[in-house]
Amino acid sequence: MDFDREWTANEDGLLREADSLAALLARIGGCFPPVLIRGEGWRRLLDQAAGLPASLAAFPMWMGFSMRGPRPAADLAVSLVGGSRSAVFFQDESAAGKRPSCAAAVASLLKETAPDKAPLRRIAGNRVLLDYSMDSMRRARRSDPGIFLYPIKRTLPGGARQRRPGNLGVVLDAILRAMDWERDSAERRNAEQVYSALKRDTRIAAVGVFPSRGKGIRLMALGFGEARAAAEFAQRAGWPGRHSALAAILSRLEQCGALDGMRMGVDLQASAQGVGPSLDLHIFSENTIYESAGWFKDPQHWDALIDGMREEGLIAAEKSQALAEWSSGAEMLFGKSGPFVLLRRLHHVKLVMAEERLEQINAYVFMLMGALPRNSG
């Protein structure tokens, strides 16, 4: 299926299949390996998805499976594209006063990115990502997700000559307006400090907030090809954690070849108090970064990373095996509205550092569901 051309029909087909994203996921629950998601983790995931439309599955979704320890649980991230059925759903909820903080923020960002020549549309396109994390799922039955914009490749580049602080200001101001937060000069300085720490061939690839974690701006810098470059960036950006601990973990992976053909992203939070102690390190295949079709068709370029992390004792062997066996290819499923296809592929791996400790490793699987179109007659 050509999802770019067929997305409207695809959304309609999925809306016929289920009355919520939770109901849609529940129908295909048997597709997920129990070692990765089951029990309370599965129930919490469905709780978060219960108020979301099934049409969200027509666009890229990510499920982030915990790869350390026995607990089977997952993050969920969904894409909202301007003009889609899902976007209209959130705009209607905002107009009706439902889920005021999340729906209103999403509606505000979609409104600002709607005009083709709008400054925010030029920088970040017309997509908003919602991130429902495991941490927020533990704290409450249902909580507001993280809300993120994804700047287009060259709009927030690193390097002194290429840097565009004005573009960063446009994105930050739009997010603050969406959240109805007052502008804070100290927070702005610290966000700009993270951006100014970037060198050439890197860029800011995501900017957003986690309202459930308090006020602060998350920025993800992308494009690091070497472990040392990622660790040095974190230090320049003002991360207060133990840089040698981050460098040591990355060095172990680099030495065993686990990072060959990989690119890294460093995700930090800037607030009025400074750069926060939590650091998320994202590891992508170069094929993913450069949007090569190879990242989706050939899962074998992940073998070295997964094998290396398992050999270093960083991830559970049974989870890594289940991930490798499940997160590739396409599967035809048959729903009440007809056949549809489930595409899935490992997209990236995230290491969560807190000061000097490696707290968590998640493997994020890209998922897309396509309802096959009905015959017109």
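A brief report on the enclosed structure follows. Small disclaimer: the values here were computed from a predicted structure and weren't measured.

### So, the packing of aromatic side chains
Under the criterion given, the structure shown has seven aromatic pairs. An angle of 80° between the planes, with centres 6.1 Å apart, marks the rings of W62 and F366 as edge-to-face. With W62 in strand β1 (residues 61-66) and F366 in strand β12 (residues 357-371), this pair connects stretches of sequence that are 304 residues apart. F366 matches W62 in its accessibility class, with the two residues each being buried. Measuring from ring centre to ring centre gives 5.2 Å for F224 and F233, while their planes differ by 35°; the resulting arrangement is tilted. F224 sits in the buried class, given a relative accessible area of 4%. An aromatic cluster of at least three residues, connected via ring pairs, comprises F32, W42, F65 and W326. A cation sits over an aromatic face here: R163 above Y195, 5.9 Å from the ring centre.

### Brief notes about helix α10 (residues 227-237)
Because each turn of an α-helix spans 3.6 residues, side chains separated by three or four positions end up pointing in the same direction. Residues of α10 that are buried: A227, A230, A231, F233, A234 and A237. Down the axis of α10, the buried side of the element spans an arc of 155°, and every buried residue falls inside it. Lining the buried residues of α10 we find α9 (185-196), β6 (217-224), α11 (243-255), β7 (262-271), β8 (274-275) and β9 (278-285). G238 occupies a position one or two residues after α10 and carries a positive phi of about 100°.

Reading the values: the criteria
- In every chain, residue numbers begin from 1 and rise along the written sequence.
- For a predicted model such as this one, the threshold for reporting local features is a pLDDT of at least 70, and the threshold for listing and counting side-chain atom pairs is 80 or more; totals across whole chains, interfaces and linings nevertheless cover every residue.
- Working from all heavy atoms in the structure, the side-chain values ignore hydrogens and water.
- Only Phe, Tyr and Trp rings are paired, with Trp represented by its six-membered ring, and only when their centres lie within 6.5 Å; those with planes under 30 degrees apart are stacked, over 60 edge-to-face, the remainder tilted.
- Strands here are runs of E lasting at least two residues and helices are runs of H or I lasting at least four, both read from the DSSP assignment and numbered beginning at the N terminus.
- The cut-offs for exposure are 20% and 50% of the maximum accessible area for each residue type, with area from a 1.4 Å probe on protein chains only; residues under the lower value are buried, those over the upper are exposed, and the others partly exposed.
- Whether a charge sits over a ring comes down to the Lys NZ or Arg CZ being within 6 Å of the ring centre and within 35 degrees of the ring normal.
- Comment: arc refers to directions from the helix axis out to C-beta atoms.
- Contact criterion: two residues are considered in contact whenever any of their non-hydrogen atoms come within 4.5 Å of each other.

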